[in-house]
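# Architecture and fold: a report
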Amino acid sequence: GAGVSQTPSNKVTEKGKYVELRCDPISGHTALYWYRQSLGQGPEFLIYFQGTGAADDSGLPNDRFFAVRPEGSVSTLKIQRTERGDSAVYLCASSLDGGRTDTQYFGPGTRLTVL
Amino acid sequence: AQSVTQLDSQVPVFEEAPVELRCNYSSSVSVYLFWYVQYPNQGLQLLLKYLSGSTLVKGINGFEAEFNKSQTSFHLRKPSVHISDTAEYFCAVSDRGTDKLIFGTGTRLQVFP
């Protein structure tokens, strides 16, 4: 079956611009996660959705970052007034139920470059 | 808060040799541990996970890991590596009370012919 997909695969933008990154989870998965992976680092947690609601947004670095999942499936990560420090690979993962023992399945990521 | 330390940023090894990738975590209270592999231009893929029970966990592609509570370690091993095992390997812990994963900084395994 289809895995987690993310679009676009690459995004280049200019400092100060607004960007949206999209994630399509595995069908039937109720839990969805966003992580950010900077060069040479492991993925860092941003936000976790259970269904339509954000169950944990403690990893969002500031109020320029926002994510939605209005119908409990596709999610969009939105970044306002982008900064060069936002350049990273943004990873999306989904899991069946969202429990601590549940396997998270990752998408290929969106590489964001802010010039 | 939980943290994960991967002691080696790079591990070079010849094909068919054994390998061990080291991982230590910060707390021994109710942890769940994971190893993920990231091949070039691909997403993270689960290799194996420890939830409870036997401390020796077997995963895909011939990898295994041993949970050691007293040493707070979860080292990954393979008795004989292949060229195709060249990739980045990440150790992760499931944070108590939440469902997010906390990752180490990764170990790049480079297998030479």
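Residues numbered from 1 in each chain as written. Chains lettered and ligands numbered in written order. Predicted model: local features only at pLDDT ≥ 70, side-chain atom pairs only at ≥ 80, totals over all residues. Heavy atoms only, no water.

Contacts between the two partners involve 23 residues from chain B, matched on the other side by 22 residues from chain A. The three residues of chain B that bury the most area against chain A are B:L44, B:D99 and B:K100, which together make up 32% of that side's buried surface. At the junction of chain B and chain A, the tally comes to zero salt bridges. Here chain B is connected to chain A by four residue pairs in polar contact (both at pLDDT 80 or more). Where the side of chain B that touches chain A is concerned, the elements lending two or more residues are β5 (32–38), β6 (44–50), β10 (87–94) and β11 (101–103) of chain B. The greatest single-element share of the side of chain B that touches chain A, amounting to four residues, is contributed by β5(B). Of the residues that constitute the side of chain B that touches chain A, the class distribution is 10 nonpolar, eight polar and five charged. (Contact = heavy atoms within 4.5 Å. Buried area = accessible area lost by both parts, 1.4 Å probe. Salt bridge = Lys/Arg side-chain N within 4 Å of Asp/Glu carboxyl O. Polar contact = N/O pair within 3.5 Å; in protein donor to acceptor, adjacent residues only side chain to side chain. Helix = DSSP H or I, 4+ residues; strand = E, 2+ residues; numbered from the N terminus. Nonpolar A, V, L, I, M, F, W, Y, C, P; charged D, E, K, R; others polar.)

Here the focus is the pattern of salt bridges. Under the definition given, this model contains eight salt bridges over all chains. Here B:K78 makes a salt bridge to B:D85, at a shortest N to O gap of 2.8 Å. On the basis of relative accessibility, which here comes to 7%, the residue B:K78 falls in the buried class. Beyond isolated ion pairs, a larger network of salt bridges with shared partners links A:R64, A:E83 and A:D86. (Buried < 20%, exposed > 50% of the residue type's maximum accessible area, 1.4 Å probe, protein only.)

What follows deals with the sheet that holds strand β7 (residues 65–68) of chain A. Residues and elements named next belong to chain A. The antiparallel open sheet is built from four strands, whose spatial order is β1-β3-β8-β7. Two strands lie at the open edges of the sheet, namely β1 (5–7) and β7, each paired on one side alone. The sheet shows a mean angle of 15° between the axes of neighbouring strands, taken without regard to direction. (Pairing = 2+ DSSP bridges. Axes fitted to C-alpha atoms, helices over the stretch in contact; angles between N-to-C directions.)

The residue after A:T7, namely A:P8, is reached through a cis peptide bond having omega -10°. With respect to the helices and strands, the residue A:P8 is situated in the loop between β1 and β2 (10–13). Of note in this structure, B:N61 is not a glycine but carries a positive phi near 60°. Within the element layout of this structure, B:N61 appears in the loop between β7 (56–58) and β8 (64–68). Positive phi values are uncommon outside glycine, yet B:T72 reaches one of about 45°.

Residues and elements named next belong to chain B. Looking at the secondary structure, you find S80 in the loop between β9 (73–78) and β10. Overall, the relative accessible area of 27% leaves S80 in the partly exposed class. Considered as a pair, S80 and K58 are 22 residues apart in the sequence and their alpha carbons are 15 Å apart. Non-local contacts of S80, meaning those with residues more than four positions away in its chain, are made with E16, A17 and P18.

Time to look at the environment of B:Q110. Residues and elements named next belong to chain B. With respect to the helices, strands and loops of the structure, Q110 is situated in strand β12 (residues 107–112). Between the C-alpha atom of Q110 and that of S54, which follows or precedes it by 56 residues, the distance is 30 Å. Those residues within four positions of Q110 in sequence are excluded, and the remaining contacts are V11, P12, V13 and T86. One polar contact links Q110 to R108, side chain to side chain, over a distance of 3.3 Å.

This part is about the layout of surface pockets. In this structure, the largest pocket spans a volume of roughly 630 Å³. Taken together, 25 residues make up the lining of the largest pocket; nearest its centre are A:Q37, A:V89, A:R111, B:Q38 and B:N41. Elements supplying a minimum of two residues to the lining of the largest pocket: β9 (88–95) and β11 (110–114) of chain A together with β10 of chain B. The dominant element in the lining of the largest pocket, judged by the number of residues it contributes, is β11(A), at four residues. Of the residues belonging to the lining of the largest pocket, the class tally is eight nonpolar, 14 polar and three charged. Each pocket or cavity is described by its volume, and for the second largest pocket that value is around 240 Å³. Together, 15 residues line the second largest pocket, and A:G42, A:P43, A:E44, A:F45 and B:I102 are the ones closest to its centre. Sorting the residues of the lining of the second largest pocket by element identifies β5 (44–50) of chain A together with β11 of chain B as the ones contributing at least two each. The residue makeup of the lining of the second largest pocket, split by class, is seven nonpolar, five polar and three charged. (1 Å grid on protein atoms, 1.4 Å probe; cavity = no way out; pocket = protein on both sides within 12 Å on 5 of 7 lines; lining within 4 Å. Points joined across faces, edges and corners; volume = space filled by probe spheres on them.)

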